[in-house]
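In case you want the letters, here they are:
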Amino acid sequence: MVGFAVAKTGIIAKPMSPPGKKAKSKRSVAPPEVERHTLTFSADDAGERLDVVLARRLPQYSRARLQRWIDDGRVRVDGVVPSRRALVRETQQASVEAEFIADERVQAGKPAVPFRVVHRDAAIYVIDKPPGLVVHPGAGVASGTLQNALLALDPQLAKVPRAGIVHRLDKDTSGLLVVARTPVAHAALVRALALREVGRDYLALCHGLMTGGGTIAEPIGRHRSQRTRMAVRADGREAVTHYRIERRFRAHTLARVQLETGRTHQIRVHLTHAGYLIVGDPVYGGRKRAPAAASPAVLAALAAFKRQALHAIRLEFAHPVSDRALAFEAPLPKDFAALLETLAAEAGAA
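## Considerations on the pairing of strand β13 (residues 252-259)
The side chains of a regular strand alternate between both faces of the sheet. β13 sits mainly inside the fold: seven of its eight residues count as buried. Two elements, strand β8 (residues 199-207) and β13, share eight bridges in a ladder whose sense is antiparallel. If you follow D201 over to β13, its bridge partner there is Q258. Pairing geometry for strand β12 (residues 240-248) and β13, over seven bridges, is antiparallel. Counterpart to R248 in the pairing with β13 is T253. Two successive antiparallel strands, β12 and β13, enclose a turn made up of three residues.

## Here's the deal with the packing of aromatic side chains
The geometry of an aromatic ring pair is captured by two quantities: the separation of the ring centres and the angle between the planes. Tallied over the entire structure, the rule returns three aromatic pairs. Between F305 and F336, the aromatic rings sit 6.1 Å apart at their centres with planes inclined by 65°, giving edge-to-face as the arrangement. Of this pair, F305 sits in the loop between α6 (296-304) and β14 (310-318) while F336 sits in helix α7 (residues 334-349), and the two are 31 residues apart along the sequence. According to the relative accessible area criterion, F305 is buried, its value standing at 5%. The interplanar angle of 25° and the centroid separation of 6.0 Å between the aromatic rings of F317 and F328 together place this pair among those described as stacked. Taken as a pair, F317 in strand β14 and F328 in strand β15 (residues 325-329) lie far apart in primary sequence, 11 residues in all.

## Quick notes on the environment of K288
Tracing the backbone through its elements, the reader meets K288 in the loop between α5 (266-273) and α6. Taking C-alpha positions, K288 is 8.6 Å from A303, a pair spaced 15 residues apart along the chain.

## Considerations on the confidence of the model for the chain
Taken residue by residue, the chain gives an average pLDDT of 88. The fraction at 70 or more is 89%. Taken together, the stretch residues 5-32 has pLDDT below 50 and engages in 56 contacts with residues farther than four places along the chain or on a different chain.

## Comments concerning empty space enclosed by the protein
The final tally for this structure, using the stated rule, is two cavities of 30 Å³ or more. Put simply, the second largest cavity is a space of about 30 Å³. Around the second largest cavity, the lining residues are L176, R200, D201, Y202, A312, R314 and L315. Where the lining of the second largest cavity is concerned, the elements lending two or more residues are β8 and β14.

Scoring rules and cut-offs
Residues numbered from 1 in each chain as written. Predicted model: local features only at pLDDT ≥ 70, side-chain atom pairs only at ≥ 80, totals over all residues. Heavy atoms only, no water. Buried < 20%, exposed > 50% of the residue type's maximum accessible area, 1.4 Å probe, protein only. Helix = DSSP H or I, 4+ residues; strand = E, 2+ residues; numbered from the N terminus. Pairing = 2+ DSSP bridges. Phe/Tyr/Trp six-rings, centres within 6.5 Å; stacked < 30°, edge-to-face > 60°. pLDDT = per-residue confidence, 0-100. Contact = heavy atoms within 4.5 Å. 1 Å grid on protein atoms, 1.4 Å probe; cavity = no way out; pocket = protein on both sides within 12 Å on 5 of 7 lines; lining within 4 Å. Points joined across faces, edges and corners; volume = space filled by probe spheres on them.

Structure (structure tokens):
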């Protein structure tokens, strides 16, 4: 059981491969500023644009970056410099010379909310992101993000895809993120995510009482009419979420959630689909509800909690250079811990 007190983050390092995974063999890599890839196109790739196929086959790089490399002659197909619009054929071979120069489109700057660096070494940072901090600049948010702050902390991250950010958390979700400091580390971590070798555990406080844990395996895609929302859709992308009960209160359940895939809003969408709405979620949480016969203290605590009660508490992965298995845990933010304390006090008095 995870305690509610805000405690110092723990770091565990184990010199072994993750459970159920074979140790990865060492591979030779290009110097940090350049990485070379060789691909053979499959029948599934045939007939599609080169830039589209490369973006799918090399997800660690943005499509815009890949297009620049094509235009700069750093991509060859069967030895010929192609157009980004060229249609690929089965069995063709492509070589990509990924050269990293500083991306000046995102400027260094201060974060809107301070964050903590839990771990750093030559290849990675592990960040404990507070609620209220946006990860990437986007529509209406050009500064004050984690990415702006990372570039101020480490200007060399401008040469790494997406400033080294490998996965993201929603603005008001707190907890752990890994950031790659080199292109090689970034590529290795993106591969590990794609192979489901990164363990990500969350705590979610839900309305109602769960009777047990389970697995939600429902595809997720963009909502058909509300484009800022995601939804369970038959034609969506595969999404798998595991959950179990961490603690039950009088009218709420604290669930421990493990991601097998990493779709946008996955936990929020899946738990809502299963009937377990996350407390405070402004998008998927439905209308605000007051538990029957709740104490004044609980009602006040719920009313004061203005975000989704979701925290990325644990992160496990193999170090992208040494292959050493790492595990990190982040304490609950003060507002989340205080809400749980209030619910626990009411449950104990019942």
